[in-house]
Amino acid sequence: NLDFSGLQGVRQNHDYANGMSGETTGFTLGGELPITDNGLIIGGGFARLSTSMDGANTSDSSTTAFQGSVGRAVGGGTGEVKLTHAMTDYNWTREIGPYSNAGSSSTTDTSISGTYRHALNENITPIVGYTIGRRETDAWQETGFLFSQRSAEATTETYRYGTVGVEAEFEMLNLSAV
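Computed from a predicted structure; not experimentally measured.

Asker: Is there a simple way to explain a nonpolar patch on the surface in this structure?
Answerer: A surface patch of nonpolar side chains, amounting to about 310 Å² of accessible area, comprises Leu33, Ile35, Ile42 and Val70. Accessibility expressed as a relative area gives 35% for isoleucine 42, which makes it partly exposed.

So this is what it looks like as structure tokens:
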């Protein structure tokens, strides 16, 4: 889940027991603009993230994501609809003994979600929502040693899920369980 609130830098290092290590870097930028005349809230965001992994094998990915949202005060709460579109490019190399292979692929993920937040009081806000999306991954064929090459056909997946949770705010403490 990306957070499009203002400008945020991302940097995370990864170390695994199998000897692989890597890092994720990038940024997110976005915000919301309330239009007070009619209670409408519009928002948007952009993210760019890169991950690289090294060890006996290598891989890297580069993701660009866009999000737009429209919300409105409804029945004592806030309803919001978000449209998210993300594109990720993958590259990898792998070795099996003296043999090596390399490959690349791309994935596109587009989703639309609806969320309703209704404040019970100034501290507790229940959340309900629903998301539907579509993920498409390009076909790929590795290059390199013929007998260890792998390949995959293009795939398309439609997914759906519900969200139920609560946010609680008490002075310096903010809790969220979604």
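The rest of the description comes next.
Asker: When you look at the pattern of salt bridges in this model, what are you seeing that I'm missing?
Answerer: All told, the structure shown has seven salt bridges when counted by the stated rule. Close ionic contact of arginine 134 with glutamate 136 constitutes a salt bridge, the shortest N to O distance being 2.8 Å. On the accessibility criterion, arginine 134 (43% relative accessible area) is partly exposed. One salt bridge in this structure joins glutamate 157 and arginine 135, with 2.8 Å as the shortest N-O distance. Of this pair, glutamate 157 sits in strand 11 (residues 155-170) while arginine 135 sits in strand 7 (residues 124-137), and the two are 22 residues apart along the sequence. Residue classification places glutamate 157 among the partly exposed positions, given a relative accessible area of 39%. The class of arginine 135 is partly exposed, set by a relative accessible area of 29%.

Asker: Explain the environment of isoleucine 35 here, please?
Answerer: For isoleucine 35, the location among the structural elements is in strand 2 (residues 21-35). Once the C-alpha coordinates of isoleucine 35 and isoleucine 112 are considered, the two residues, 77 residues apart in sequence, prove to be 22 Å apart. Not counting chain neighbours up to four residues away, the residues in contact with isoleucine 35 comprise Leu40 and Ile42.

Asker: Would you mind going over the packing of aromatic side chains with me for this structure?
Answerer: Each aromatic ring pair is specified by the distance between its two centres and by the angle formed by the two planes. Overall, the coordinates contain six aromatic pairs when judged by the stated rule. Centre to centre, the rings of phenylalanine 46 and phenylalanine 66 are 5.2 Å apart; their planes meet at 50°, and the pair counts as tilted. Taken together, the positions of phenylalanine 46 in strand 3 (residues 40-54) and phenylalanine 66 in strand 4 (residues 58-74) put the pair 20 residues apart, joining distant regions of the chain. Classification of phenylalanine 66 as partly exposed rests on a relative accessible area of 38%. A centroid spacing of 6.3 Å and a plane angle of 10° characterise the contact between tyrosine 159 and tyrosine 161, whose relative ring orientation is stacked. For tyrosine 161, a relative accessible area of 44% gives the class partly exposed. Taken together, the ring pairs connect Phe27, Phe46 and Phe66 into an aromatic cluster.

Rules and cut-offs
- Residues numbered from 1 in each chain as written.
- Predicted model: local features only at pLDDT ≥ 70, side-chain atom pairs only at ≥ 80, totals over all residues.
- Heavy atoms only, no water.
- Patch = residues over 30% accessible without salt bridge, like charges linked within 9 Å, V, L, I, M, F, W, Y side chains within 5 Å.
- Areas by Shrake-Rupley, 256 points an atom, 1.4 Å probe, with all protein chains shown as cover.
- Salt bridge = Lys/Arg side-chain N within 4 Å of Asp/Glu carboxyl O.
- Buried < 20%, exposed > 50% of the residue type's maximum accessible area, 1.4 Å probe, protein only.
- Helix = DSSP H or I, 4+ residues; strand = E, 2+ residues; numbered from the N terminus.
- Contact = heavy atoms within 4.5 Å.
- Phe/Tyr/Trp six-rings, centres within 6.5 Å; stacked < 30°, edge-to-face > 60°.

In short, the description is geometric, and any link to function would need to be established separately.
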